[in-house]
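The primary structure of each chain is shown beneath.
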Amino acid sequence: MHIPDGYLSPATCAAAYAAALPVWAVALRRVKRLLQSRLVPLLAVVSAFCFVVMMFNLPIPGGTTAHAVGMGLAAVLLGPWAASLAISIALLIQALFFGDGGLTTFGANCLNMAIVGSFASYAVYRLLAGRAPLQARRRVVAAAVAGYAGINMAAFLAACEFGLQPLLFHDAAGTPLYAPYPLGVALPAMMLAHLTLAGAAEAVIAAGVVAYLQRSNPSLLEAPLLGGSGLRWGSLRSLWIGLGALMVCSPLGLLAAGTAWGEWAPGDLQNAGIRQQIARASSDVAPPVHVPAGLERLAGLWHAPLPDYAPAFLHNATVGYAVSAMVGCGLILLLLAALSALWRGGRSA
Amino acid sequence: MGEHSFLPGHRHGGGVLDRLGEGLLAALRHGLEADDLARRPGLLQGLDPRVKLAGALALMLMAVWVRTLPVLAALLGLAAGLALVSQVPLARLMRQVWLGVLAFTGLLALPALVLVPGRVLFHLPLLSWPVTLQGLRSAAFLVGRAETSASYGLLLILCTPWPHLLKSLRLLRVPLVLVVILGMTHRYIFLLLHSAVDLVEARRSRAVGPLPPRERRRLVTGAAGELLGRALDLGGEAHLAMIARGFGGEIHLLDDFRLRTRDGAALAGLALTLVAAWWWGGR
Amino acid sequence: MTALFDLNDVHYAYRDTPALTGLSLAVEAGRRVALLGANGSGKSTLLRVLDGLYFPDSGTVTAFGAPLTRQALADEATAFAFRRRVGYVFQNADIQLFNPTVFDELAFGPLQLGLPRAEIRHKVEEALVRFDLAALRDRAPHRLSGGEKKRVALASVLILEPDVLLMDEPTAALDPRSAGEIIALLAALQDSGRTVITATHDLDSLAAIADLAVVLQDGRVAAQGPVADILADHALLARTRLLKPHADLR
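Rules and cut-offs
Residues numbered from 1 in each chain as written. Chains lettered and ligands numbered in written order. Predicted model: local features only at pLDDT ≥ 70, side-chain atom pairs only at ≥ 80, totals over all residues. Heavy atoms only, no water. Helix = DSSP H or I, 4+ residues; strand = E, 2+ residues; numbered from the N terminus. Contact = heavy atoms within 4.5 Å. Buried area = accessible area lost by both parts, 1.4 Å probe. Salt bridge = Lys/Arg side-chain N within 4 Å of Asp/Glu carboxyl O. Core = buried A, V, L, I, M, F, W, Y, C linked by side-chain atoms within 4.5 Å. Buried < 20%, exposed > 50% of the residue type's maximum accessible area, 1.4 Å probe, protein only. Domains from an automatic or database assignment. pLDDT = per-residue confidence, 0-100. Pairing = 2+ DSSP bridges.

**Some points on the environment of L227(B)**
Structurally, L227(B) is set in helix 9 (residues 213-244). Put simply, L227(B) and L7(B) are 220 residues apart on the chain and 24 Å apart in space, counted from C-alpha to C-alpha. Residues contacting L227(B), with those up to four places away along its chain left out, are F49(A), V52(A), F56(A), L192(B), S195(B), A196(B) and L199(B).

So, in structure tokens, the structure goes:
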């Protein structure tokens, strides 16, 4: 889900940069205070590590392979601030040197994956792992859920960014100027791909590495290597609330919009099996020959009330979007609360 | 890696090791070719890196901003022209950008032809889905913007030695410490990629026959865990090596960038292009 | 003559693994010393103690007549003077070379020591020629061969013209020809009056790079003396695992 250039409007890109900049600044200051003169070499090696992990082709359950961003892994091992920096640096080298992900959209990519992904993963891990012993199986499960939640938060954000583009940026004739699909298409397409393949890859790498370190080098798991969040649970909750608020605000044009339909590459499309997979994963935007009738109807529904992206509809869509964002956030929070309650119950029993 | 990239399209499937090895080789080759191209005599190669960075970013932004297709096409044409006068063969642009972007973004944009509502141009044969003018134009915008921006991105990296490009990031107020970290990260990526290939190879060579998926997962994640340990060791050792040479946390950088007449001319040309694109591309 | 380095009953352990166990050693200025010892005998640790990178758990280290401690090096002026006078070539050139290009690598040390920019440029260009690296000026380290990396590492340290040169296995993992080139470079340093301390277990090239040999075993000094005497003591070399038992040294 590296958003390429051209998918998001300049205003969206600027908003994403504006949101990411203060986080980068605070993160750099915090990590520097902790590492002092070790900042340069240590941040460089962990960023390089993140980059290399992004190149791993992970066998995931179900017999296929996928790539992970490694945000869950990085957040669990390094702590959220350092993970944000390390993944941002890895993403910048990917964008600048390898052309993977755009430069105008770099801010949005970092906001989604490096920042929101890392913090969401870290919050989930801390919540689920609690004070479990270093060798506990619970830590492995917590890491898996953390990776899964992190990538899906990031995908959700990216889908919102994409889905807002046609609403906010179109010409007088109604031509979408950037990512052309509205939320009703972008959201299910992105989430289907990430709730399955990409989510599984993220869970596999985070859980696998934690399990490996439990056996071989448990001292690396004692505390986040490059500093914790510095936030207590109370303020972590406010982070979630802040995130929710951000999402409510985003339809007002504060947020970027976006693209990535999962992680398939050009070569994959020549492969019938993978074509099918894509089709399954993103039921709608898949190879056009197969656009399912149901999806067509869905898209029709979405478009029906807006002959010309009328302002009235925009208003409605904004409200609808905000509600769905809130519901999504709420669901994730509820799920987490339920999981941790279950665990606590299980331990005291 | 993600959707588009300057590296050849990767395949899913295939061994873990094959993929890593391929990735390493492709990354090495890309770096090597960029290094060599950046040293050829050409228009872009002769410019100050800061001018190139500013120019590439401005043109990318313009390609993302314009609202008329002809101006977008002109910007893409300008990228092709700049490639030609900088000894970057169009075949390379085609291979590293145009085809990949077309395959990914082009495919992704196809459903927009029928999904975007508007004036119906014609119906698809057999399926009778309506193709709309708005859908066609929106797909063209998406593909055109992605192609044009990626072309400028590739030109920038092919015509500027990587260390110079990093130093010119100072122009964007990127903190000095990050510029140095980026340089070291890039350096260590190659080192860690080598390590990763070795690790996976060593583990796989101990296994007999094809591994069941669960074991393959353990192999890859184990290698990643081991790699983290090595990376941290490397960071600690590199820190000592830096201290041994007088490093105390202060960062210093030496660059010898100097603006010359041709840089001034290039900036003037850039400004003219941007004004023209803004004038004709605004509506 | 007073000793340049004076170590007295130095102990150092990595977590729980002891590396130096009561090591005492004096090195006089201008000497060329080889530290001999099998893997794990404490050679590298000793070099790092001498370079003020590790500080002993107990025992004392004196360098240039002043105590070499963490507190002493915390003072910027002292650290500046010490780093300028002592250079350290790491065994693994990949660790030593952390800059994007050969040019930046050579400029790193002088930049840290705050030399004027024009002087740095001059020094770097000079060193590029002296170490036959001019053609590799803008190369990235991952595009260098093993021997080239070693030459760059050596140049990046010698550009500071240190009084003392510490080297860890300068010819390890090099093919014979590259190793020969490095040895020739080191032998050429002989006349500079520099103190050179080299950790090695390469007995063949010993005579070219050192006058004195110090044999380490289990973290302390097992023997020291002129290179020729040590090389002749086959029983000692076999006991300290530097020679295969009954091997013929020729």
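**Examining the interface of chain A and chain B**
The partner chain B presents 88 residues to the 85 residues of chain A that form the contact. Taken together, both faces of the contact between chain A and chain B bury some 8300 Å²; the carbon and sulfur share is 74%. When the buried area of chain A at its contact with chain B is split by residue, M55(A), F97(A) and F98(A) rank highest and sum to 9% of it. Salt-bridge contacts for D171(A) lead to R137(B); the nearest nitrogen and oxygen are separated by 3.0 Å.

**Overview of the nonpolar core**
Y188(B) and F5(C) are the most contacted members of the largest nonpolar core, which totals 240 residues. Take this core: its biggest share by element is 18 residues, from helix 7 (residues 183-216) of chain A. Three or more residues apiece are contributed to this core by two domains, here domain 1 (40-160 + 261-283) and domain 2 (162-245) of chain B.

**Structural notes on the confidence of the model for chain A**
When pLDDT is averaged along chain A, the result is 75, and 65% of the positions lie at 70 or above. Across residues 248-317 of chain A the pLDDT falls below 50, and counting only partners more than four positions away or on other chains, this stretch makes 149 contacts in the model.

**A look at the pattern of salt bridges**
This model, assessed by the stated rule, comprises 20 salt bridges over all chains. For D48(B), the salt bridge identified is with R50(B), shortest N-O distance 3.0 Å. For R50(B), a relative accessible area of 26% corresponds to the partly exposed category. R83(C) serves as the salt-bridge partner of D51(C), at 3.6 Å between the closest nitrogen and oxygen. You can see D51(C) sitting in the loop between helix 1 (43-50) and strand 4 (58-63) and its partner R83(C) sitting in helix 3 (residues 76-85), a full 32 residues away along the chain. Given the relative accessible area of 0%, D51(C) is considered buried. Residue classification places R83(C) among the buried residues on the basis of a relative accessible area of 7%. Counted as one network, the salt bridges with shared partners bring together R39(B), E125(C), R137(C) and D138(C).

**Notes on the sheet that holds strand 1 (residues 3-14) of chain C**
All names here are of chain C. Judged by pairing direction, the sheet is antiparallel, and its 4 strands sit side by side in the order 2-1-4-5 without closing on themselves. Unpaired on one side and paired on the other, strand 2 (17-28) and strand 5 (66-67) mark the two borders of the sheet. Of the pairings in the sheet, the one linking strand 1 to strand 2 comprises 9 bridges and is antiparallel in character. Bridge pairing in strand 2 places D6 opposite A26.

**Side note on the interface of chain C and chain B**
Every contact between the two is made by 34 residues of chain C and, on the other side, 32 residues of chain B. Of the roughly 3000 Å² buried between chain C and chain B on both sides combined, carbon and sulfur atoms contribute 58%. Among the residues of chain C in contact with chain B, F98(C), Q112(C) and H142(C) are the three that bury the most area, contributing 22% of the side total. Where chain C meets chain B, there are 6 salt bridges.

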